[in-house]
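Chain residues, written in single-letter form:
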Amino acid sequence: MRRALLTLHALAIILFLLQGCASLDRLNAVPRQDTIRAEIPGIPNARFWVDADLTPMVQEMHVAIEREQATWIQDKQKAPLPPANFLTVSGGGDDGAFGAGLLVGWTQTGTRPSFKLVTGVSTGALIAPFAFLGSEYDETLRAVYTQVSPNSIAVPRSLLAALTSDALADNQPLFALISQYFTPELLARIAGEYRKGRLLLIGTTNLDARRPVVWNMGAIAAAAQNNPQAVDLFRHILLASAAIPGEFPPVMFNVEVDGKPYQEMHVDGGAMRQLFLYPMNLSDTARQEHITLFVKRQRNAYIIRNARLDPDWASVERSTLNIAGRAISSLIQTQGIGDLYRLYLEALKDGLDFNLAYIGADFNAEHKENFDTTYMRALFDYGYQLGRKGYPWQKAPPELGTAPAISTAAARLR
């Protein structure tokens, strides 16, 4: 017992001493009062602060609709604009294999639509650009979610390196994978769709400010044609959105305020929310203007939650790390369910047809480790088979039962 106490005491002293040398260099964080004034040099309209002034984001949405209308007329289409389909893909780590498989299976039915708006967080951020570009990239999705292994994502650091650095593992392998697929040519494809009025939005968390940030990936892709740094920014945003705090290093973004350089620390978008569509805090005027632009146009929201919604039972070992880990995973699951309720209320208020997909309780493949290739292949096939057979999209989060047939907002439009 005495030896154990001495060992713990020695470890405590070592950790205390390491704290003094554990801080890595960085530029100053943006001062609190200047948070939303910070800009990405050379790339205007690169991102939005969705908990602040929403005018820039609302303006971007309006311009997107105008571009879509112009493209429709240019293509000599006389019929009304087609339904507006929105897709949001949640976080979930290697459970993203479900969403990838579902999308690929959906293609096989011949009913998968083109999406006017696609949003993604964490693993959903890696799926979103391929979903945005359409079924042409189905085999890429399949490869990403069935051929990777733990070493394809990150390399564990030694205990000493982890304690004196910024994460338990080095995720440079993931960045290499991102760079392999997100080439200048692929960004040019995204830019082309952006100019047609389609939007691709990715969420990260500004850890300094503890605020969500939504990145306008189509605008960044468009800037890449004249600004090579935009390609690197695009890739690092995807890396940041999937940077699980503590497990993977944060991503540092160089920004400016009145020409003065600062750095922001960004981590997994799931630290703030597991999924998003568009801000709920639109003013009544802005919301009404947005609805008016879609008068008599069907709007469908498809939500892919890369997680189970039922209680996930497990026998928890009586140890600090296992208890803490189990509690954190429980928090993430309940946060994701809360986000679903938020989106559902948003859909009801604005008259969107709500459609939800998630991992069912009937999927029971063994999960041995994070990014377990065997597990991901089984989950991809599970999602694929459901999609191929015509997924039974849920019209409300499970606990709410049957959704209203039509919302008040939708009624005003018909």
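In case you missed it, the structure is sitting above this.
Residues numbered from 1 in each chain as written. Predicted model: local features only at pLDDT ≥ 70, side-chain atom pairs only at ≥ 80, totals over all residues. Heavy atoms only, no water.

A. Main features of the overall build of the protein. Helix and strand counts for the protein come out as 15 helices and eleven strands. Expressed as a percentage of its 414 residues, the buried residues of the protein come to 50%. Taking the intrachain contacts of the protein between residues at least 6 apart in sequence as the baseline, contacts between residues at least 24 apart amount to 78%. In the form shown here, the protein has an accessible surface area of approximately 20,400 Å², with 55% of it arising from carbon and sulfur atoms. (Helix = DSSP H or I, 4+ residues; strand = E, 2+ residues; numbered from the N terminus. Buried < 20%, exposed > 50% of the residue type's maximum accessible area, 1.4 Å probe, protein only. Contact = heavy atoms within 4.5 Å. Areas by Shrake-Rupley, 256 points an atom, 1.4 Å probe, with all protein chains shown as cover.)

B. Structural view of the packing of aromatic side chains. Taken as a whole, this structure holds 15 aromatic pairs when the rule is applied. Each ring, one from Phe-182 and one from Phe-234, has its centre 6.0 Å from the other, and the planes form 40 degrees; the classification is tilted. Residue Phe-182 is located in the loop between α8 (172-181) and α9 (184-195), and its partner Phe-234 is located in helix α11 (residues 229-241); the two are separated by 52 residues in the primary sequence. When sorted by exposure, Phe-182 lands in the same class as Phe-234, which is buried. Each residue in the set Trp-106, Phe-115, Tyr-302, Tyr-391 and Trp-393 is aromatic and connected to the rest through ring pairs, giving one cluster. Its end group placed over the ring of Tyr-384, Arg-142 keeps NZ or CZ at 5.4 Å from the ring centre. Above the plane of the ring of Phe-132 lies Arg-198, whose end atom (NZ or CZ) is 4.2 Å from the centre. (Phe/Tyr/Trp six-rings, centres within 6.5 Å; stacked < 30°, edge-to-face > 60°. Lys NZ or Arg CZ within 6 Å of the ring centre and 35° of its normal.)

C. Spatial organisation of the pattern of salt bridges. Taken as a whole, this structure holds 15 salt bridges when the rule is applied. As a salt-bridge pair, Arg-211 and Asp-51 come within 3.0 Å of each other at their nearest N and O atoms. Here the residue Arg-211 occupies a position in strand β7 (residues 211-216), and Asp-51 occupies one in the loop between β1 (47-48) and α2 (55-74), the gap between them amounting to 160 residues. Residue classification places Asp-51 among the partly exposed residues on the basis of a relative accessible area of 35%. (Salt bridge = Lys/Arg side-chain N within 4 Å of Asp/Glu carboxyl O.)

D. Seen up close, the packing of α8 against α11. Between α8 and α11, the least distance of the axes is 10 Å, while the angle of their chain directions is 130 degrees. It follows that α8 is oblique to α11 by the angle criterion. Where α8 crosses over α11, the two elements pack in a sense that is right-handed. Residues Leu-174, Phe-175, Ile-178 and Ser-179 of α8 pack against Asp-232, Arg-235, His-236, Leu-238 and Leu-239 of α11. Considering only residue class, the contact of α8 with α11 consists of five nonpolar, two polar and two charged. (Axes fitted to C-alpha atoms, helices over the stretch in contact; angles between N-to-C directions. Parallel < 35°, antiparallel > 145°, perpendicular 65-115°, else oblique. Left-handed = near helix turned anticlockwise from the far one by under 90°. Nonpolar A, V, L, I, M, F, W, Y, C, P; charged D, E, K, R; others polar.)

E. Molecular detail of the environment of Thr-119. Take Thr-119: it is sitting in strand β3 (residues 117-121). The spacing of Thr-119 and Met-217 is 98 residues in sequence and 9.8 Å in space, taken between C-alpha atoms. Excluding residues that lie within four positions of it along the chain, Thr-119 makes contacts with Leu-87, Thr-88, Val-89, Ala-128, Leu-201, Phe-276 and Leu-277. A polar side-chain atom of Thr-119 sits 2.5 Å from the main-chain carbonyl oxygen of Phe-276. (Polar contact = N/O pair within 3.5 Å; in protein donor to acceptor, adjacent residues only side chain to side chain.)

F. Just the packing of helix α4 (residues 123-133) against helix α5 (residues 138-146), in detail. Packing of α4 against α5 brings their axes to within 9 Å, and their N-to-C directions diverge by 160 degrees. What the angle tells us is that α4 and α5 run roughly antiparallel. Handedness of the α4/α5 crossing: right-handed. Taken together, the residues of α5 that come into contact with α4 (itself represented by Thr-123, Leu-126, Ile-127 and Phe-130) are Thr-140, Leu-141 and Tyr-145. Across the contact of α4 with α5, the residue classes break down as five nonpolar, two polar and no charged.

G. Main features of the nonpolar core. Formed by 114 residues in total, the largest nonpolar core has its most connected members in Leu-87, Tyr-145, Trp-215, Met-217, Ile-220, Phe-234 and Leu-238. Once residues within four sequence positions are removed from consideration, Phe-234 is found in contact with Phe-182, Leu-187, Ile-190, Met-217, Ile-220 and Ala-221. (Core = buried A, V, L, I, M, F, W, Y, C linked by side-chain atoms within 4.5 Å.)

H. Geometry of the pairing of β7. Taking burial as the measure, the six residues of β7 include five buried ones, the bulk of the element. Direction of pairing for β1 relative to β7: antiparallel, over a ladder of two bridges. Bridge pairing in β7 links Arg-47 to Trp-215. For strand β6 (residues 199-206) and β7, the ladder comprises six bridges, and the chain directions are antiparallel. Across the sheet, Thr-204 pairs through a bridge with Val-213, a residue of β7. With antiparallel pairing between neighbouring strands as the criterion, β6 and β7 make up a hairpin whose turn holds four residues, including Arg-210 at a positive phi of roughly 55 degrees. (Pairing = 2+ DSSP bridges.)

I. Main features of helix α14 (residues 373-388). Relative to the 22 Å expected for 16 residues at 1.5 Å per residue, α14 spans 22 Å between its end C-alpha atoms, a close match to the ideal helical length. Considered for burial, the residues of α14 that qualify are Thr-373, Tyr-375, Met-376, Leu-379, Phe-380, Tyr-382, Gly-383, Tyr-384 and Gly-387. A distance of 3.1 Å separates the backbone nitrogen of Thr-374 from a side-chain oxygen at the start of α14, and that oxygen is part of Asp-372. Downstream of α14 by one or two residues, Gly-390 has phi in the positive range, about 95 degrees. (Expected span 1.5 Å × (residues − 1).)

J. Looking closely at the environment of Asn-300. Residue position: Asn-300 is located in strand β10 (residues 299-308). Note: C-alpha distance between Asn-300 and Asp-353 (53 residues apart in sequence) is 4.6 Å.

K. Looking closely at helix α3 (residues 96-109). Taking 1.5 Å per residue, 14 residues should reach 20 Å; α3 reaches 21 Å between its end C-alpha atoms and fits that length. Where burial is concerned, most of α3 is hidden: eleven out of the 14 residues are buried. Residues of α3 that are buried: Gly-96, Ala-97, Phe-98, Gly-99, Ala-100, Gly-101, Leu-102, Leu-103, Val-104, Gly-105 and Trp-106. Of the surrounding secondary structure, the elements contacted by the buried residues of α3 are β2 (84-89), α4, α5, β10, β11 (353-359) and α14. Directly after α3, the chain includes Gly-110, whose backbone phi takes a positive value near 80 degrees.

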